[in-house]
Amino acid sequence: MTEAEALPVNAIEVRGLEKTYAGSKKAPPKVALKGVDLAIPRGSMFGLLGPNGAGKSTLINILAGVVNKTAGHAAIWGRDIDERPRDARAALGVVPQEIVADVFFTPREALEVQAGFYGVPANERRSDELLAALGLSDKANAYVRALSGGMKRRLMVAKALVHNPPVLILDEPTAGVDVELRRQLWDYVRRINAEGVTILLTTHYLEEAQELCDTIAIMNRGEVVACEPTPRLLRRLDTRNVIVTPEGEVVAPPTLTGFEVSPRANGAFAVTYCKGQSSVEQVLAAVRAAGVTIADITTEDPDLEDVFVALTYGDPKAADPTKD
Ligand code: ADP
């Protein structure tokens, strides 16, 4: 990082970002990003949430310089990825989803090699400090292949930080990680965030984003469908489903003013309502007013898909993954 450079307001800024993967004889071209705008303020712990296929990895890979965008702009730490690609990459550390183990290196060597790759001068390297911070000091000289999965993952975090980047991306860092390691990882991430490192975390677990992140953006089908401070988003997401099984033969579910209705198996339907705004009684009254005789009801908490439905309410195409 050049000391003279003014600190940017946003650690990451993305405007109109589009990506279409070229097709092949067997597969048609695939639109992965449809014009994404995103501003991640310096210092924040930012969650990027979305189901598989939403476009999260594509976005991250474009920022990391491993996938070419089709259109739009992106800057890391104020450095445009087209105009200053090396500087932009130098500002970024990425902890990838998969563990990439350096079979022939010890953890200390792995960090030294990585630092060399980024051109960090020997006297500015901090391999031992990072090993200690991530609880790997006593494994510093062990072969990486002898480390447990959790240790390898911590080493990946250390590797992403060798060049002291002001921005760190963690791509689904806790997929398949046990609870204890998850805690350790989060404690460390919180600590470096408190020290000023901007964190972008992708996940498909709402609880994870909710616990860690000050701001959450939700992506679905290549678009950002929400981006708000976490408490505000959670209030909006405070929805419940009432599953209604009607009496009589199977007919199409009713249309209810003010509620989202989606069909379920065997003529049942789900009514989604916002807890802060309506009650189960109001839902049932609306169902009865639509001429439905209720045989049975159950309630359920929504999963992420329901959340997208709630967020994209009014745009059925956006909420239906089978439509293009
Ligand atoms: P996420 O990380 O949110 O799961 P991805 O960015 O991996 O989403 O994928 C977004 C869309 O782009 C998906 O439909 C996926 O199938 C497609 N996609 C991702 N990578 C490629 C690729 N290399 N070639 C073709 N399509 C791809």
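The numbering scheme is per chain: residues are counted from 1 as the chain's sequence reads. Local features in a predicted model are, by the rule used here, given only for residues with pLDDT of at least 70; side-chain atom pairs are given and counted only at 80 or more, and totals for whole chains, interfaces and linings are based on all residues. Only hydrogens and water are removed before side-chain values are computed, so all heavy atoms of the structure are retained for them.

### Brief notes about the domain arrangement of the chain
For step 1, the next point in the chain: Bear in mind that the domain bounds are from an automatic or database domain assignment. The domain boundaries assigned to the chain delineate domain 1 (3-91 + 165-233) and domain 2 (238-301).
For step 2, the next point in the chain: Taking only C-alpha atoms, the centre of domain 1 and the centre of domain 2 are 37 Å apart.

### Digging into the packing of aromatic side chains
For step 1, the next point in the chain: Any two rings among Phe, Tyr and Trp, with Trp reduced to its six-membered ring, count as a pair given centres within 6.5 Å; such a pair is stacked if its planes are under 30 degrees apart, edge-to-face if over 60, and tilted if neither. If you walk through the whole model with that rule in mind, you get one aromatic pair.
For step 2, the next point in the chain: Ring geometry for F117 and Y118: centres 5.5 Å apart, planes at 85 degrees, overall edge-to-face.
For step 3, the next point in the chain: With a relative accessible area of 65%, F117 lands in the exposed category.
For step 4, the next point in the chain: Think of it in three bands: residues with accessible area under 20% of the maximum for their type are buried, residues over 50% are exposed, and the middle band is partly exposed, with areas taken using a 1.4 Å probe on protein chains only. Under the relative-accessibility criterion, Y118 is labelled partly exposed at 32%.
For step 5, the next point in the chain: Positioned over the ring face of Y21 is K19, at 5.0 Å from the centre of the ring.
For step 6, the next point in the chain: For a Lys NZ or an Arg CZ to count as sitting over a ring, it must be within 6 Å of the ring centre and within 35 degrees of the ring normal. One Lys or Arg, R145, reaches over the ring of Y143 and ends 5.0 Å from the middle of that ring.

### A look at helix α9 (residues 280-289)
For step 1, the next point in the chain: Elements are defined by DSSP. Helices are runs of H or I of four residues or more, strands are runs of E of two residues or more, and each kind is numbered from the N terminus. Among all positions of α9, only V283, L284 and V287 are buried. The buried residues of α9 occupy an angular sector of 95 degrees when projected down its axis, which confines them to one face. Facing away from the buried side of α9 by over 90 degrees, the exposed positions are E281, R288 and A289.
For step 2, the next point in the chain: Contacts are assigned to residue pairs with any non-hydrogen atoms lying within 4.5 Å of each other. Check the buried side of α9 and you find it contacts β11 (239-246), β13 (269-274) and β14 (294-300). Each C-beta atom gives one direction from the helix axis, and the arc is the one those directions make.

### Focus: the site of the ligand
For step 1, the next point in the chain: By nearness alone, every residue bordering the ligand is listed as Y21, K30, A32, P51, N52, G53, A54, G55, K56, S57 and T58.
For step 2, the next point in the chain: Between the ligand and Y21, the relevant distance is 3.5 Å, taken from a nitrogen atom to a side-chain nitrogen or oxygen of the residue.
For step 3, the next point in the chain: At 2.7 Å, a backbone N or O of G53 approaches an oxygen atom of the ligand.
For step 4, the next point in the chain: With residues, only the protein chains shown are counted as cover, and all accessible areas are computed by Shrake-Rupley using a 1.4 Å probe. In the complex, the protein chains occlude 62% of the 550 Å² of accessible area that the ligand would expose alone.
For step 5, the next point in the chain: When contributions to the shell around the ligand are tallied by element, the ones reaching two or more residues are β2 (30-41) and α1 (56-63).
For step 6, the next point in the chain: The biggest single contributor to the shell around the ligand is α1, with three residues.
For step 7, the next point in the chain: Note that Gly is not counted as nonpolar here; it falls among the polar residues with everything else outside the nonpolar set of Ala, Val, Leu, Ile, Met, Phe, Trp, Tyr, Cys and Pro and the charged set of Asp, Glu, Lys and Arg. Looking at the shell around the ligand, its residues break down into four nonpolar, five polar and two charged. Whether a residue is near a molecule or strand depends on its heavy atoms: if one lies within 4 Å, it is near. Definition of a polar contact: a pair of N or O atoms within 3.5 Å, with one able to donate and the other able to accept a hydrogen when the atoms are protein atoms, and with sequence-neighbouring residues admitted only if both atoms are side-chain atoms.

### Let's talk about the pattern of salt bridges
Where charged atoms from two side chains of opposite charge approach closely, those side chains can pair.
For step 1, the next point in the chain: Any Lys or Arg side-chain nitrogen located within 4 Å of an Asp or Glu carboxyl oxygen qualifies as a salt bridge. One pass over the full model with this rule turns up 11 salt bridges.
For step 2, the next point in the chain: D82 serves as the salt-bridge partner of K69, at 2.7 Å between the closest nitrogen and oxygen. Taken together, the residues K69 in the loop between α1 and β4 (71-76) and D82 in the loop between β5 (79-80) and α2 (85-90) connect sequence positions 13 residues apart.
For step 3, the next point in the chain: The closest approach of N and O atoms between E195 and R191, which form a salt bridge, is 3.8 Å.

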